[in-house]
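If you want the building blocks of each chain, they are given just below.
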There are 4 protein chains.
Amino acid sequence: MIATRPTAGQDVRTVLDIGGRKIGGEHFAIIAGPCAVESREQLLETARSVGRGGAALLRGGAFKPRTSPHAFQGLGREGLELLGEAKAQTGLPVVTEVLDARDVGHVLEVADVLQIGARNMHNTSLLSEAGASGRPILLKRGLSSTLDELLLAAEYVLREGNEAVILCERGIRTFETAYRFTLDLAAVPILKERTHLPVIVDPSHAAGRRELVEPLSLAAAAIGADGLLVEVHPEPDQAVCDGRQSLRAADFAAYAERVQAAAALAGKTIDDDRLRAAA
Amino acid sequence: MIATRPTAGQDVRTVLDIGGRKIGGEHFAIIAGPCAVESREQLLETARSVGRGGAALLRGGAFKPRTSPHAFQGLGREGLELLGEAKAQTGLPVVTEVLDARDVGHVLEVADVLQIGARNMHNTSLLSEAGASGRPILLKRGLSSTLDELLLAAEYVLREGNEAVILCERGIRTFETAYRFTLDLAAVPILKERTHLPVIVDPSHAAGRRELVEPLSLAAAAIGADGLLVEVHPEPDQAVCDGRQSLRAADFAAYAERVQAAAALAGKTIDDDRLRAAA
Amino acid sequence: MIATRPTAGQDVRTVLDIGGRKIGGEHFAIIAGPCAVESREQLLETARSVGRGGAALLRGGAFKPRTSPHAFQGLGREGLELLGEAKAQTGLPVVTEVLDARDVGHVLEVADVLQIGARNMHNTSLLSEAGASGRPILLKRGLSSTLDELLLAAEYVLREGNEAVILCERGIRTFETAYRFTLDLAAVPILKERTHLPVIVDPSHAAGRRELVEPLSLAAAAIGADGLLVEVHPEPDQAVCDGRQSLRAADFAAYAERVQAAAALAGKTIDDDRLRAAA
Amino acid sequence: MIATRPTAGQDVRTVLDIGGRKIGGEHFAIIAGPCAVESREQLLETARSVGRGGAALLRGGAFKPRTSPHAFQGLGREGLELLGEAKAQTGLPVVTEVLDARDVGHVLEVADVLQIGARNMHNTSLLSEAGASGRPILLKRGLSSTLDELLLAAEYVLREGNEAVILCERGIRTFETAYRFTLDLAAVPILKERTHLPVIVDPSHAAGRRELVEPLSLAAAAIGADGLLVEVHPEPDQAVCDGRQSLRAADFAAYAERVQAAAALAGKTIDDDRLRAAA
């Protein structure tokens, strides 16, 4: 399997450079932003806040995978344009999800990283199409996928000649109802044994509510994750989706400082002057 | 939600007529055939056996969703042509899986029913595209999807104006390792409470081995399923995929007779003269 | 392992004779009664109804395992005395649960079968103490126990020289919330491959509501179970516990007739003249 | 519910003093030792190593709950005597498991904390008997128990007037097979919201192998646990049970230093002069 082969030599970890922001190896990256792009104001305000606070990349959904067809499906191409504008203003590279192989071309116009969501981890034609673009891929683990299945899904990207894959643990489905998904943090050291690819954690979807996001983030950093994918909103109570689990933009900088301290335990640094100083 | 609205009056169940074969209400249908179309000989021999044995429809995969990109991915369009030939020879309507929204057009040339697999249950663009074709859809429950999520996935088809959806329970992922998936037969009566759509069961993938397929089929028929989706192969030991769980074509007729007896318990009949006589 | 060794010859199935009522092999037995013994009137009325309807044994809990210490814990020894009275009046052998190794002696005064509940499947000192009594044991699968672990728990009884063990599938814990537990009917054929012991199914706890109990019972009988353990109450709406999932005593006889028809599919008969006639 | 009531005032956390060692509030305690007491030499060597390394309490099993009756069941009372000797030599208070309500008296002769294992979380008579002793109880979460069920199990102890309960997350059963159990670290902040009781984590059983124990320990400390329960053995390769997941005694002190750094992130300190200096 390509994913489990070191890129060069033994124990060499893949470090990705995305518009000057590094992830992997000793580089810890926080990818932050709103669940869904809702408006210019909402997106730009969030982008500025997370940029100032030490985020490496901006996340934001233009195409939203929703369980119900009656729920908000995202702003689509208008959302992509707003992401482009936020990138131009803040210099933050953009991560956004692609749901349909036919949209890959449009998404490539703005996205620095293509996200494949948990519900599409087994969508092999999407994996291949996104992989063939050569653009870095952020691949989320399926709700009930084993770690081996996640690596095999990554393999659909890698065999297109694209080795820039970031794996993302985001919680698995279990019987417990005290939160949305069970965050499986053991996935981090196990994936790092089996592959050279960067491994990040999304604490927001597993938590389902804001109070749990920071504790889970600290644990993820302490266990050796290469980064976090976290939802941030200027006014979570007004959010169209996932407001309950979004960090407040105003709290992001303090959150990032505490995350940096936990990442330092695992020998990793956020590439940000202010945070480096704090560490 | 459209899926949970009766089509007319109360307690009216949707009965689909697919090329003269009925499913739903009092009509119990067995959809049988190989996991994957491998060759003309393999497909035609299976089609003749299951047709003679009382199957209502022929199943067979031309596009195969595989966990690993290194595994056999199906014969593709050549497989579709062979399915067309089998339909012409036996008169059996064809069910086959579509994996990619861009393939819907090609699959429509031969398929009487479009199958959306468990790993694509959340692939909303595929659901919408397939739904918009107007062709009946066989929708499998995701590996860790709740029954409400299955109904919401069906809703993506129904809102395209296509109410010809067959729901399929195929086993969920649990901790037990004595078989491949835990067949959740309580799903049948619960789905029938919540929707007017036909509900069938795929015992083959849950079982993972032939010995369990018939017991699970009898239980599914006794609990009130409207049909079965079952893998049959002329020489299971030679099968490219899922041979271990395929029924032998030579055993199909006797199997269908026993299934018919169990379906009769739930007030259902297989529309086949020979089997009706046996019942 | 003793549990997986045939008692004599190959393919010999253990048939237990409990006060003249047989279970195992071709003998299908329904064990019916209230979740908890509540009062003389409630128990006797239920016992008479299920006895007339074809139940082989009477079930009823005197010691109740409750998740909360603030919930009703059963009538204790007074409940045992009422069970003794019901046995004397109806001739039905009694199955009742024992929760504490120190209570085994008292329970033996009335119980023809000692039940070990799902939450005590791993209570090895209770298994050994109950096993050493020589009395038949009804052993329920734990909420998240594999089938191999169930057989190893049975082994704690068998190594006391007591081979009269009835295994009971009662639903496992999964992510689905449409019912209380996922009834794992594939457990029946798999346990029958691995052991000579009788295997029964408890549909009531998995269902969590009355409407699902009969469909699950028919499926269990069709798949080859040797019997059912089912909750019955004269007035379910007044029940102290589990009323929502109890069959009405007045409906039991008709239920048993339909179960008998399903058991007949698997080559089994309820040893009751009236039901035999109905079959 | 008693467990969810603050002991005094609001936001007051229970701090237990066990033979001079504190756990809860700002006090982080490592409870370390072998899975099973095997011999005087093995136990004393381990006790000295973990004591010197900063462990607060010594753990060791005299009565072992085993899935198979054919596996080693522990040294029983001889094991208890050896634990007493280790306590006398090292001054470390002792945590040991009790499996049977009838053994509580014997175990009390040496144990400073009575452990109730995951498989006995629902053994209500054991919970009550152990609780009534007044001795602190270490209560492990069941393999498939919800957090609310864990709190209800604790309630069986608390209603005996014993509020000295330590809750322990030890991994839940899921579909993933890359480790033994899925360590549910979100349980820590959630339990701390719902109760004033100390919450610790057992990383050893979830991990199933040594390499994962330290990463999981760091994550547990960073997320705010009040302590760890960890398996340590002088020669893991020779261990009678769980050797694969035991830390080497020689590595314990370095491990404890790294854990201390992670606990400091969450505002907690190991009460040990050497470790305090290292922090």
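Residues numbered from 1 in each chain as written. Chains lettered and ligands numbered in written order. Predicted model: local features only at pLDDT ≥ 70, side-chain atom pairs only at ≥ 80, totals over all residues. Heavy atoms only, no water.

**Here's the deal with the overall build of chain A**
Then, number 1: When you go through chain A residue by residue, the secondary structure sums to 10 helices and 12 strands.
Then, number 2: Since a compact globule built from 279 residues should have a radius of gyration of about 19 Å, the 17 Å found for chain A is in line with a globular shape.
Then, number 3: Referenced to the eigenvectors of the C-alpha coordinate spread, the extents of chain A come out at roughly 45 × 45 × 40 Å.
Then, number 4: A total of 279 residues make up chain A; the buried ones form 66% of that total.
Then, number 5: For chain A, contacts bridging at least 24 residues in sequence account for 69% of all contacts bridging at least 6.
Then, number 6: Charge centroids of chain A, computed over 31 positive and 37 negative side chains, lie 1 Å from each other. (Helix = DSSP H or I, 4+ residues; strand = E, 2+ residues; numbered from the N terminus. Rg over C-alpha atoms; globule rule 2.2 N^0.38 Å. Buried < 20%, exposed > 50% of the residue type's maximum accessible area, 1.4 Å probe, protein only. Contact = heavy atoms within 4.5 Å. Lys, Arg positive; Asp, Glu negative; His and termini not counted. Charge placed at Lys NZ, Arg CZ, Asp CG, Glu CD.)

**Focus on the packing of aromatic side chains**
Then, number 1: For the structure on display, the rule yields four aromatic pairs over all chains.
Then, number 2: Note on Phe252 of chain A and Tyr255 of chain A: the rings are 5.8 Å apart at their centroids and 45° apart in plane angle, and the pair reads as tilted. On the criterion of helical spacing, the pair formed by Phe252 of chain A and Tyr255 of chain A is a turn pair, its members being three residues apart in helix H9 (residues 252-265).
Then, number 3: The buried category is assigned to Tyr255 of chain A, whose relative accessible area is 2%.
Then, number 4: Between Arg170 of chain B and the ring centre of Phe181 of chain B, over which it is positioned, the NZ or CZ distance is 4.3 Å. (Phe/Tyr/Trp six-rings, centres within 6.5 Å; stacked < 30°, edge-to-face > 60°. Lys NZ or Arg CZ within 6 Å of the ring centre and 35° of its normal.)

**Points about a negative patch on the surface**
Then, number 1: A grouping of Glu41, Glu45, Glu235 and Asp237 of chain A is seen on the molecular surface, where their side chains present a negatively charged patch.
Then, number 2: On the basis of relative accessibility, which here comes to 37%, the residue Glu45 of chain A falls in the partly exposed class. (Patch = residues over 30% accessible without salt bridge, like charges linked within 9 Å, V, L, I, M, F, W, Y side chains within 5 Å. Areas by Shrake-Rupley, 256 points an atom, 1.4 Å probe, with all protein chains shown as cover. Salt bridge = Lys/Arg side-chain N within 4 Å of Asp/Glu carboxyl O.)

**Digging into the relation of the copies chain D and chain A**
Then, number 1: Note on the copies: chain D fits chain A at an RMSD of 0.0 Å, the axial shift is 0.0 Å, and the rotation between them is 180°. Such values leave the two copies arranged in the relation of a two-fold axis. In terms of proximity to the rotation axis, the leading residue of chain D is Ala219 of chain D, whose C-alpha is 2.1 Å off the axis.
Then, number 2: Interface overlap between copies: 100% of the residues of chain D at the interface are likewise at the interface in chain A, consistent with a symmetric, same-surface contact. (Least-squares fit on C-alpha atoms with pLDDT ≥ 70 in both.)

**Description of the pairing of strand E3 (residues 27-33) of chain D**
Residues and elements named next belong to chain D.
Then, number 1: Counted residue by residue, E3 has six buried out of seven residues, so it is predominantly covered.
Then, number 2: With two bridges connecting them, E3 and strand E12 (residues 269-270) associate as parallel partners. Opposite His27, over in E12, you have Thr269 as the bridge partner.
Then, number 3: Bridge count between E3 and strand E10 (residues 227-233): five bridges; the pairing is parallel. (Pairing = 2+ DSSP bridges.)

**Quick notes on the confidence of the model for chain A**
Then, number 1: Mean pLDDT over chain A: 94, with 96% of residues reaching 70 or higher.
Then, number 2: Scoring of the predicted complex yields 0.95 for pTM and 0.95 for ipTM. (pLDDT = per-residue confidence, 0-100.)

**Digging into the interface of chain D and chain A**
Then, number 1: Taken residue by residue, the interface counts 34 residues in chain D and 34 residues in chain A.
Then, number 2: Between chain D and chain A lies a buried interface of about 2,500 Å² when both sides are counted; carbon and sulfur atoms form 71% of it.
Then, number 3: Where chain D touches chain A, the interface holds four salt bridges.
Then, number 4: Along the contact surface separating chain D from chain A lie eight residue pairs in polar contact (both at pLDDT 80 or more).
Then, number 5: For the side of chain D that touches chain A, the element with the most residues is helix H8 (residues 210-222) of chain D, which contributes seven residues. (Buried area = accessible area lost by both parts, 1.4 Å probe. Polar contact = N/O pair within 3.5 Å; in protein donor to acceptor, adjacent residues only side chain to side chain.)

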